[in-house]
Amino acid sequence: MKKALVACVLVLAPATVVHAQDAAAKPVQIESFKAGDTPIAIPPPLPEMSEVGYDNREFMEVFVAPTNRLIAGFVLTSALPTLRQGTDITLSKYAMVQVPRRGEYMDCKESDFKEVTAGFKEQFGDAMNSSIKEAEAEFNRRMKSLDLKEATVSMGAPIQLGCLFSEPDAYGFGMVMPVEMGGHTTKTGMGGALVRVKQRLLFVYLYSEYKDEETVKWLRKATEDWADAILKANK
């Protein structure tokens, strides 16, 4: 179980959404999303972010590994009008919550979570390098299937940030990676976490354009705060 989950969780999506569908601005609120048959409340990672809605969530699955399923996607609320217009947009910050397709109906007990995080720590480097290549190939395949070949992405060698935080039901990790898209190269930082909530395993990802070390410090705190908020919302 733990090896399969390690391979599922390590995916870094490029911070660009192309030709997204309709999205409507709405006030910040806590919505529930199903992991298998279990409803889970997922607050926005930041007060200034909103969930994108079903149509855009479906489009964002282009950035999700086929072994995972996207259950919620968040962008800055100020970006929603641009998404509604269906124009290209580069997102400085965005977030996703995913579940493993083969495990979303399975109970994740305390012992299971400890096993998964232990295996994740052991295999972090090798698993990451493998899944980054797989993520790049899968992203490019999906872009070509949408006839958006100009969106082909190239992911450079990632810089591991290691463990960002460790709690009984949440384990945080991160990385920074150069991403080239359309001839333009940027650095994207990712704060991720494994979160066990209502005996379901969630993969949460918070992305931000990388500027300097302050970006890493911000990602560490923001990702931990988000994981804690998810756990608190489901007590």
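Residues numbered from 1 in each chain as written. Predicted model: local features only at pLDDT ≥ 70, side-chain atom pairs only at ≥ 80, totals over all residues. Heavy atoms only, no water.

Caption draft 1: Broad picture of the packing of aromatic side chains. Scanning the model with the defined rule gives three aromatic pairs in all. Aromatic pair Phe-74 and Trp-226: ring centres 6.0 Å apart, planes at 90°, arrangement edge-to-face. Taken as a pair, Phe-74 in strand S5 (residues 68-76) and Trp-226 in helix H5 (residues 213-233) lie far apart in primary sequence, 152 residues in all. Take Trp-226: its relative accessible area is 0%, and that puts it in the buried class. Considering the side-chain rings of Tyr-205 and Tyr-207, the 6.2 Å spacing of their centres and the 15° angle between planes classify their relative orientation as stacked. Judged on exposure class, the residue Tyr-205 and its partner Tyr-207 are both buried. By the ring-pair criterion, three or more aromatic residues cluster together here, those being Tyr-94, Tyr-205 and Tyr-207. Positioned above the aromatic ring of Trp-218, the side-chain terminus of Lys-93 is 5.1 Å from the ring centre. (Phe/Tyr/Trp six-rings, centres within 6.5 Å; stacked < 30°, edge-to-face > 60°. Helix = DSSP H or I, 4+ residues; strand = E, 2+ residues; numbered from the N terminus. Buried < 20%, exposed > 50% of the residue type's maximum accessible area, 1.4 Å probe, protein only. Lys NZ or Arg CZ within 6 Å of the ring centre and 35° of its normal.)

Caption draft 2: Layout of the nonpolar core. The biggest cluster of nonpolar side chains holds 28 residues, and the ones touching the most others in it are Ile-42, Phe-74, Val-97, Val-195, Leu-202, Val-204 and Trp-226. Mapped by element, the contributors of at least two residues to this core are strand S2 (31-35), strand S3 (38-42), S5, strand S7 (93-100), strand S9 (159-167), strand S11 (184-197), strand S12 (200-209) and H5. Per-element accounting of this core gives the leading share, six residues, to H5. Among residues more than four places away in sequence, those in contact with Leu-202 are Ala-35, Ile-40, Ile-71, Val-97, Gln-98, Val-99, Ala-193, Leu-194, Val-195, Val-197 and Ile-230. Core analysis: the second largest hydrophobic core is formed by 27 residues, Met-96, Val-116, Phe-173 and Met-177 among them. (Core = buried A, V, L, I, M, F, W, Y, C linked by side-chain atoms within 4.5 Å. Contact = heavy atoms within 4.5 Å.)

Caption draft 3: Geometry of the pairing of S11. Along S11, 10 of the 14 residues are buried, which leaves the element largely enclosed by surrounding structure. Pairing geometry for S11 and S12, over 10 bridges, is antiparallel. Note that in S12 the partner of Arg-196 across the bridge is Leu-201. Counting the residues in the hairpin turn of S11 and S12 gives two residues, including Lys-198, whose phi is positive at 50°. (Pairing = 2+ DSSP bridges.)

Caption draft 4: Geometry of the pattern of salt bridges. Under the defined criterion, the tally for this structure stands at seven salt bridges. Residue Arg-200 is joined to Asp-107 by a salt bridge in which the shortest nitrogen-to-oxygen separation is 2.7 Å. You can see Arg-200 sitting in strand S12 and its partner Asp-107 sitting in the loop between S7 and helix H4 (110-145), a full 93 residues away along the chain. The class for Asp-107 is partly exposed, based on a relative accessible area of 40%. Note that Lys-221 and Asp-225 form a salt bridge whose closest N and O atoms lie 2.7 Å from each other. Residue Lys-221 and its partner Asp-225 are both found in helix H5; the two are separated by four residues, about one turn of the helix. For Lys-221, a relative accessible area of 54% translates into the label exposed. Counted as one network, the salt bridges with shared partners bring together Asp-37, Asp-107 and Arg-200. (Salt bridge = Lys/Arg side-chain N within 4 Å of Asp/Glu carboxyl O.)

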